[in-house]
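Geometric and topological summary
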Amino acid sequence: QVQLVESGGGLVQAGGSLRLSCAASVSIYSSFVMGWYRQAPGKQRDLVARITRGGSTNYADSVKGRFTISRDNTKNTVYLQMNSLKPEDTAVYYCNAESSVSARNYWGQGTQVTVSS
């Protein structure tokens, strides 16, 4: 059983920054690929960023150069640093853990990010 809890969302003006955190209940870095997804009302849930156990990262084109995903192994926590935020970044952001063994996915409850113009 993997439990994920996101935090750090909020309201920010365009150009501002936020850092999201995802705390996992178990050690995730040896067997899980971690990612951040986002979903705006009426739209599908899309990948924002992901990080493998080896530290390799991938980003959606829309956030490259602005967002950074990282992890803290001692805290079992994954972060998403979001800079130069734009109104189109407004969405509910979800933490995701994908088992490298079973391919099963686990999701957090989501945290709202709202960027005003």
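These figures come from a predicted structure and were not determined experimentally.

Our focus in this paragraph is unusual backbone geometry. Although it is not a glycine, Ser84 sits at a positive phi angle of roughly 50°. As for its position among the elements, Ser84 is in the loop between strand 8 (77–82) and strand 9 (91–99). Classification of Ser84 as partly exposed rests on a relative accessible area of 41%. A positive phi angle, near 70°, is found at Ala103, a position not held by glycine. For Ala103, the location among the structural elements is in the loop between strand 9 and strand 10 (105–107).

Here the focus is the sheet that holds strand 3 (residues 18–24). One open sheet accounts for four strands, arranged 1-3-8-7; its pairing is antiparallel. Among the strands making up the open sheet, the edge pair consists of strand 1 (4–7) and strand 7 (67–72). Direction aside, the axes of adjacent strands within the sheet are offset by 15° on average. In the sheet, strand 3 pairs with strand 8 via six bridges, with the strands oriented antiparallel. Each bridged residue has a counterpart across the sheet, and for Cys22 the counterpart in strand 8 is Val78.

Rules behind the numbers
- Residues numbered from 1 in each chain as written.
- Predicted model: local features only at pLDDT ≥ 70, side-chain atom pairs only at ≥ 80, totals over all residues.
- Heavy atoms only, no water.
- Helix = DSSP H or I, 4+ residues; strand = E, 2+ residues; numbered from the N terminus.
- Buried < 20%, exposed > 50% of the residue type's maximum accessible area, 1.4 Å probe, protein only.
- Pairing = 2+ DSSP bridges.
- Axes fitted to C-alpha atoms, helices over the stretch in contact; angles between N-to-C directions.

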